[in-house]
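One-letter residues, chain by chain:
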Amino acid sequence: QVQLVESGGGLVQPGESLSVSCAASGITFSIYTMGWYRQAPGKQRELVAIIGSGGSTNYADSVKGRFTISRDNAKNTVALQMNSLKPADTAVYYCNARSIAIKRNYWGQGTQVTVSA
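Residues numbered from 1 in each chain as written. Predicted model: local features only at pLDDT ≥ 70, side-chain atom pairs only at ≥ 80, totals over all residues. Heavy atoms only, no water.

### Focus on the sheet that holds strand S7 (residues 67-72)
To summarise the sheet geometry, strands pair through backbone hydrogen bonds and adopt either a parallel or an antiparallel arrangement. Pairing is antiparallel across the open sheet formed by 4 strands, whose spatial order is S1-S3-S8-S7. Each having just a single partner strand, strand S1 (3-7) and S7 make up the two edges of the open sheet. Between one strand and the next, the sheet's axes are offset by a mean angle of 15°, whatever the strand orientation. (Pairing = 2+ DSSP bridges. Helix = DSSP H or I, 4+ residues; strand = E, 2+ residues; numbered from the N terminus. Axes fitted to C-alpha atoms, helices over the stretch in contact; angles between N-to-C directions.)

Here it is as structure tokens:
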């Protein structure tokens with residue numbers, strides 16, 4: 001049974017930092033591209049950051065220089081460090097595991113991040 005369990009969301013003020021983490025089980029974690037997506041109320045889900053099996057990263061323009069994605073293949077976890085948070089970053093953040101090679105795509109249940117004064 002595949003599980004992606006996010007943790008670490010919460011309420012912060014603009015300019016503050018927050019880290020969210022995702023623990024994966026039931027998959028061969030090291031072969032998956034791991035990603036963070038977010039969905040704000042009334043908007044479509046959008047890519048925030050991804051990290052490939054080899055460690056290459058890609059970020060949405062809106063978070064470049066502020067967010068950092070990392071993975072720990074020994075612990076089957078992927079994290080997103082978010083700095084200089086803005087109200088526009090408010091959304092539900094979802095963890096994603098994707099493997100094109102074996103045609104698998106999994107989602108976590110999401111964790112709420114709210115940036116508000």
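Don't stop here, the text continues.
### Structural notes on the pairing of strand S3 (residues 18-25)
Side chains Leu18, Val20, Cys22 and Ala24 of S3 all project onto a buried face; the interleaved residues Ser19, Ser21, Ala23 and Ser25 project onto a face where none is buried. As paired elements, S1 and S3 share 5 bridges and run antiparallel to each other. Bridge pairing in S3 links Gln3 to Ser25. (Buried < 20%, exposed > 50% of the residue type's maximum accessible area, 1.4 Å probe, protein only.)

### Thoughts on the nonpolar core
If you look at the biggest cluster of nonpolar residues, it comprises 30 residues, and the most contacted ones within it are Met34, Trp36, Val78, Leu80, Met82 and Tyr93. When residues of this core are traced back to their parent elements, those giving at least two are S3, strand S4 (33-39), strand S5 (46-51), S7, strand S8 (77-82), strand S9 (91-99) and strand S11 (111-115). In this structure Leu80 touches Leu18, Ser19, Val20, Trp36, Val48, Ala49, Phe67, Thr68, Ile69 and Tyr93, once residues within four positions along its chain are discounted. (Core = buried A, V, L, I, M, F, W, Y, C linked by side-chain atoms within 4.5 Å. Contact = heavy atoms within 4.5 Å.)

### Quick word on the side chain of Glu6
Residue position: Glu6 is located in strand S1. Buried Glu6, no salt bridge; nearest opposite-charge side chain is Arg45, N-O distance 7.6 Å. Only 3.0 Å separates the side chain of Glu6 from the backbone nitrogen of Gln109, close enough to count as a polar contact. In contact with Glu6, other than residues within four places in its own chain, are Ser21, Cys22, Trp36, Tyr93, Tyr94, Cys95, Gly108, Gln109, Gly110 and Thr111. (Lys, Arg positive; Asp, Glu negative; His and termini not counted. Salt bridge = Lys/Arg side-chain N within 4 Å of Asp/Glu carboxyl O. Polar contact = N/O pair within 3.5 Å; in protein donor to acceptor, adjacent residues only side chain to side chain.)

### Digging into the pattern of salt bridges
A complete count under the given rule lists 4 salt bridges for this structure. Between Glu46 and Arg38 there is a salt bridge whose closest N-O contact spans 2.7 Å. Of the residues examined, Glu46 reaches a relative accessible area of 36% and is grouped as partly exposed. Through salt bridges with shared partners, a single network forms among Arg38, Glu46, Arg66 and Asp89.

### As for the environment of Val2
Along the polypeptide, Val2 turns up in the segment before S1. Here the alpha-carbon distance between Val2 and Trp107, two residues 105 residues apart in the chain, equals 9.4 Å. Beyond its immediate stretch of four places on either side in the chain, Val2 contacts Ser25, Gly26, Ile27 and Tyr106.

### Quick word on unusual backbone geometry
Phi is positive for Ser84, close to 50°, though the residue is something other than glycine. Residue placement: Ser84 occurs in the loop between S8 and S9. Positioned with a positive phi, Lys103 is a non-glycine residue whose angle comes to about 55°.

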